[in-house]
Amino acid sequence: MIMRIGIVILPDQRWPEARRRWQQVDAWGFDHAWTYDHLGWRDLVDGPWFDSMSTLTAAATVTERILLGTLVASPNFRHPAAFARQVTTLDDICGGRLMLGLGAGGIGFDSVVLGGETLPPRPRVDRFGEFTELLDLILREDGTTWRGDWFSAVDARNNPGCLQQPRVPFVVAANGPRSMRLVARFGQGWVTTGTGEEDLTAWWDGVATLCARMDRTLDEAGREPASLPRYLSLDSAPVFSLSSADFFAEQVARAAALGFTDVITHWPRASSWYAGDEAVLADVATRLLPELRTP
């Protein structure tokens, strides 16, 4: 089994500690490392929290080989024209190691902090589709003028363009049919969190259902299903993937059996979300990571 392993480092630590973590995952050999793109997240909104793009820029300067990404950027507080400048800059600084996770945006703090209304699911996906299409266009072409239902741009520039051509890869978050069609149209990867079941077996059954739906969507779009990298956020399951090294290995094997090419875990926290032991992470990194890359 060959599986690429990624990890999320939440932007909730001051830089001296955060730097240690980014450098450590690079040294351990993780394939990709991500951070959350939120202005605040769930009950952690009352604690320390830092900006994703600034964090990834700093991480780019202290790492050498690991891919870096947002999990996930959304139109809740971003405009494609301004965001494209940040993306182009970060891709240049990290030497073409950027992957851009994109999603529709949730209904929490990010959706209300700017004073707007919380959108129902359908218009939220409408906005996401326009956001993705316009961001794709600006990153690929210089001088974009656009007027849509949600966003406008007048002669938006991208010079010098992304270091990765024609643009940075989009890893699109999708569980529903409409978002999956965005994956088929714009995605260089698909990421899913499953469907939210509180029982582990039911969660995996839900993931399998989503995989079948993604296959059908790609077929309908004329894309070969096996050609699309697939990322699974393991910690959206009701059990933390780093509960033990053996449990992590079991979850990776289940993901591989469903056709996932990549899995993503989280750096363990002392309490609350993703509470766990850093010793388990070290064990996975030093003992299991090499095995997971063996055919």
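Sequence positions are assigned chain by chain, starting from 1 and proceeding in written order. Where local features are concerned, this predicted model is filtered to residues with pLDDT of at least 70; where side-chain atom pairs are given and counted, the filter is 80 or more; whole-chain, interface and lining totals use all residues. Working from all heavy atoms in the structure, the side-chain values ignore hydrogens and water.

If you tally the helices and strands in the chain, you get nine helices and ten strands. Two things to know: the radius of gyration comes from C-alpha atoms, and the globule rule equals 2.2 Å times the number of residues to the power 0.38. Computed over the C-alpha atoms, the radius of gyration of the chain is 18 Å, within 12% of the 19 Å expected from 2.2 N^0.38 for a compact globule of 295 residues. When its C-alpha atoms are laid out on the principal axes, the chain stretches across 55 × 45 × 35 Å. Buried, partly exposed and exposed residues are distinguished by accessible area as a fraction of the type maximum, computed with a 1.4 Å probe on protein chains only: under 20%, between the cut-offs, and over 50%, respectively. Put simply, the chain has 295 residues, and 51% of those count as buried. In this description, contact between two residues means that some pair of their heavy atoms is separated by no more than 4.5 Å. The long-range share in the chain, meaning contacts at least 24 apart out of those at least 6 apart in sequence, stands at 72%. Surface accessibility follows the Shrake-Rupley procedure with a 1.4 Å probe radius. Residue values consider only the protein chains on display as shielding. Per element, the accessible surface of the chain, about 12,700 Å² overall, is 51% carbon and sulfur. Charge centroids of the chain, computed over 28 positive and 37 negative side chains, lie 4 Å from each other. Starting at the N terminus, helices and strands are each numbered in turn, a helix being any DSSP run of H or I of at least four residues and a strand any DSSP run of E of at least two. Positive residues here are Lys and Arg, negative ones are Asp and Glu, while His and the chain termini are left out of the count. Lysine's charge is taken at NZ, arginine's at CZ, aspartate's at CG and glutamate's at CD.

The subject of this paragraph is the packing of helix H1 (residues 15-28) against helix H2 (residues 52-62). Geometrically, a packed helix pair is captured by the angle between its two axes and the distance between the axes. Closest axis-to-axis distance for the H1/H2 pair is 10 Å, and the angle between their directions is 55°. Relative to H2, the element H1 lies oblique. At the point where H1 passes H2, the crossing takes the right-handed sense. Residue-level contacts link Trp15, Arg19, Trp22 and Gln23 of H1 to Thr55, Leu56, Ala58, Ala59 and Val62 of H2. In terms of residue class, the contact of H1 with H2 is made up of six nonpolar, two polar and one charged. Comment: axis = line fitted to C-alpha atoms, over the contacting stretch for helices; angle = value between 0 and 180 degrees taken between N-to-C directions. In what follows, roughly perpendicular refers to angles from 65 to 115 degrees, roughly parallel to angles under 35, roughly antiparallel to angles over 145, and oblique to any angle outside these ranges. Each crossing gets its handedness from the near helix: less than a right angle anticlockwise from the far helix is left-handed, clockwise is right-handed. Each residue receives one of three labels: charged for Asp, Glu, Lys and Arg, nonpolar for Ala, Val, Leu, Ile, Met, Phe, Trp, Tyr, Cys and Pro, and polar for the others, Gly being one of them.

Turning next to the nonpolar core. Ile5, Phe30, Phe83, Leu102, Leu135, Phe170 and Trp190 are the most contacted members of the largest nonpolar core, which has 90 residues in total. The element best represented in this core is helix H7 (residues 200-221), accounting for eight residues. Residues belong to one nonpolar core when they are buried, are Ala, Val, Leu, Ile, Met, Phe, Trp, Tyr or Cys, and are joined through side-chain atoms within 4.5 Å.

What follows deals with the side chain of Asp110. When you line up the elements, Asp110 lands in helix H4 (residues 109-112). Dropping the residues within four chain positions of it, Asp110 is found in contact with Asp37, His38, Leu39, Gly40, Asn76 and Phe77.

Let's shift gears to H2. Taken as a whole, H2 has its buried residues at Ser52, Met53, Thr55, Leu56, Ala59 and Ala60. Around the axis of H2, the buried residues are gathered within 155° of arc, so they sit on the same side. Buried-residue contacts for H2 involve H1, strand S2 (32-35), strand S3 (67-73) and helix H3 (80-93). In this description, the arc belongs to the directions extending from the helix axis to the C-beta atoms.

Function-wise, these values are silent; they only describe arrangement.
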